[in-house]
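Residues per chain, in single letters:
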2 protein chains.
Amino acid sequence: MEAQVTDARPRDRAATRQRLLEAARMLFGEYGYEQVTVRMIASAADANIALVGRYFGSKSGLFGEVLAGEPTVRAVVEGDRAGLPRRLAEYAAERMSHDPETPILRSLERSAGDPEIQALVRERLHTVVLEPIAALLGGPDAHVRARMATAVFLGIGSVRRLIGPETPSPADVDRLTAVFELCLGLETRP
Amino acid sequence: MEAQVTDARPRDRAATRQRLLEAARMLFGEYGYEQVTVRMIASAADANIALVGRYFGSKSGLFGEVLAGEPTVRAVVEGDRAGLPRRLAEYAAERMSHDPETPILRSLERSAGDPEIQALVRERLHTVVLEPIAALLGGPDAHVRARMATAVFLGIGSVRRLIGPETPSPADVDRLTAVFELCLGLETRP
DNA sequence: GCGGCTAGTAAACGAGCGTATACTCGCCGA
DNA sequence: TCGGCGAGTATACGCTCGTTTACTAGCCGC
């Protein structure tokens, strides 16, 4: 008999749903929307393919729920205005060296084929990153400056993905801080 | 009879090959490798699908030839060291507002699924952008600084693609120049 | 004038995708 | 004890993808 305790999971709808959501978060973050198949997600979550459709309606529905559930960079954006460049730089430096634990930003760089997904991503980037930064900045061209900082932020992710991670030195973080200050128009030099 | 002169093209292997190459260059640049199908390319080139396989071996072979045939940003990178930030800024500003005529850079941002394509893109980015900039800079951490500038460059493309084009003001170009100076460690301030 | 090389064509192949359907089986209240 | 509800499953459907194969038709040297 050997007992063969393959820890038969109890049938738990909520838990299975959560496993799918978590697996999707990881995979979408790492590979982008189009590259991830529902079979990959189901396999990673150790669940059946059909459950994706059952619990989330469709692949794009699952992606939308993943996107909506991400706290994203709120902690970075929220805070005092003067410290924003340094917080952005430290977060970006984190992204340069190793995978961040909030993978959704990476999926922003990719995932562009499906117009529905594109709209989701665009809206999310707007409301979670661009608008908060612009609001914190204030001023007439706040959006332009927020946009430039966002560009630097996304670009760092692109480069890491394209040519591999690299651990930045403290001097690099300082330089990056200065770059963000410049982008945001928050130069602190006398 | 009506003659029906549907301008029957002369059968010209070289010309057809060139049309396919050109269509692929446009489409890959605009949508990235994975999003473009060989049917799209053949249709845009007004050629038969099978000719892609016949003339280029495969879709990835065609992509490789497109990649190899691009002059890319050589004109921007080559030149005096002091002027590099401004040249980069002007080129990047061009990218912010409307589509550049060398679309291959955009495909660098995307196209990540197939490992073979990823290797092609990585190698190309290295030899055409990163290495020339690092060589122009010199110094111990030249690669780190070149990498940071590349990140800004790619990020601007990502943002344009994600949230639409925006025409930068001359002041924005100035700011961008300062950003590149900072990234490259070429601060010219006294 | 004509046969053969070749550019170009039409159609199909197998694989993989997202999705939908019909089913099995374990648990829980009556 | 047992009937049914629902979580989980196996499988198939329709589609599109990259690729391949068998074919058609025009030009060029003889």
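Look up: the structure comes first, before these words.
Residue numbers restart at each chain and count upward from 1, following the sequence in its written direction. Each chain takes a letter, starting from A, and each ligand takes a number, starting from 1, following the order in which they are written. Only residues with pLDDT of at least 70 get local features here, since the model is predicted, and only at 80 or more are side-chain atom pairs given and counted; chain-wide, interface and lining totals rely on the full set of residues. The side-chain values count all of the structure's non-hydrogen atoms but skip hydrogen atoms and water molecules.

Re the overall build of chain A
Inclusion rule: Secondary structure elements are taken from DSSP: a helix is a run of H or I of four residues or more, a strand is a run of E of two residues or more, and numbering for both begins at the N terminus. Note on contacts: a residue pair qualifies if any of its non-hydrogen atoms lie within 4.5 Å across the two residues. Note on areas: Shrake-Rupley, 1.4 Å probe, and residue coverage restricted to the protein chains presented here.
Per the secondary structure count, chain A includes 10 helices and zero strands. For chain A, the α and β elements follow one another from N to C terminus as α-α-α-α-α-α-α-α-α-α. Contacts spanning at least 24 positions in sequence make up 70% of the contacts within chain A whose residues lie at least 6 apart. Within the structure as shown, chain A displays about 9,000 Å² of accessible surface, and the carbon and sulfur contribution to it stands at 54%.

Examining unusual backbone geometry
Backbone geometry at Asp46 of chain A places phi at a positive 55°, although glycine is not the residue there. When you line up the elements, Asp46 of chain A lands in the loop between helix H2 (38-44) and helix H3 (50-56).

Focus: the side chain of Arg87 of chain A
All names here are of chain A. To keep it simple, the criterion reads: Any pair of nitrogen or oxygen atoms within 3.5 Å is treated as a polar contact; in protein, a donor-acceptor pairing is required on top of that, and neighbouring residues in sequence qualify only through side-chain atoms on both sides.
As for its position among the elements, Arg87 is in helix H6 (residues 84-97). Among the polar contacts made by the side chain of Arg87, one reaches the side chain of Asp80 at a distance of 3.0 Å. Those residues in contact with Arg87, other than ones at most four positions away along the chain, are Ala75, Val76, Val77, Glu78, Gly79, Asp80 and Leu136.

Overview of the packing of aromatic side chains
As a reminder of what qualifies: Only Phe, Tyr and Trp rings are paired, with Trp represented by its six-membered ring, and only when their centres lie within 6.5 Å; those with planes under 30 degrees apart are stacked, over 60 edge-to-face, the remainder tilted. Per-residue accessibility, obtained with a 1.4 Å probe over protein chains only, is compared with the maximum for each type, and a residue is labelled buried under 20%, exposed over 50%, and partly exposed between these values. Working rule: Lys NZ or Arg CZ, within 6 Å of ring centre, within 35 degrees of ring normal, means a charge sits over the ring.
All chains considered together, the criterion is met by eight aromatic pairs over all chains. Where Tyr91 of chain B meets Phe153 of chain B, the ring centres are 5.6 Å apart and the plane angle is 15°; that geometry is what we call stacked. Placement of Tyr91 of chain B in helix H6 (residues 84-97) and of Phe153 of chain B in helix H9 (residues 142-163) is noted, with a sequence separation of 62 residues between them. For the pair formed by Tyr91 of chain B and Phe153 of chain B, the shared burial category is buried. An aromatic cluster of at least three residues, connected via ring pairs, comprises Phe28, Tyr33 and Phe63 of chain A. Looking at Lys59 of chain A, its charged tip hangs above the ring of Tyr33 of chain A, at a distance of 4.4 Å from the centre.

So, the environment of Leu21 of chain B
Residue and element names in this part refer to chain B. Inspection of the secondary structure puts Leu21 in helix H1 (residues 13-31). Looking at Leu21, the relative accessible area reads 15%, which means it is buried. Residue contacts for Leu21: discarding those within four places in its chain leaves Phe56, Leu62, Glu65 and Val66.

Digging into the protein's contact with DNA strand C
Counted only if it meets this: To be near a molecule or strand, a residue needs just one of its heavy atoms within 4 Å of it.
Neighbouring DNA strand C are 20 residues, the closest being Arg39 and Lys59 of chain A together with Arg11, Thr16 and Tyr55 of chain B. Taking all atoms of DNA strand C within 4 Å of the protein, the share assigned to sugar and phosphate is 46%. Between a phosphate oxygen of DNA strand C and a main-chain N or O atom of Lys59 of chain A, the distance comes to 2.8 Å. Measuring from a phosphate oxygen of DNA strand C, one finds a side-chain N or O atom of Thr16 of chain B at 2.8 Å. Looking at the surface near DNA strand C, the elements with two or more residues in it are H2 and H3 of chain A together with H1 and helix H3 (50-56) of chain B. A total of four residues in the surface near DNA strand C trace back to one element, the largest contributor, which is H3 of chain B.

Quick word on the relation of the copies chain B and chain A
Two chain copies here: they are related by a rotation about an axis and a translation along the same axis. Inclusion rule: We place the copies in one frame by least squares, fitting the C-alpha atoms of every residue whose pLDDT is at least 70 in both.
Once chain B has been moved 0.0 Å along the axis and rotated by 180°, it coincides with chain A to within an RMSD of 0.1 Å. What the rotation and shift describe, once combined, is the action of a two-fold rotation axis. Across chain B, the rotation axis passes nearest the C-alpha of Gly155 of chain B, at a separation of 1.7 Å.

Remember, this is a structural readout, not a statement about activity or role.
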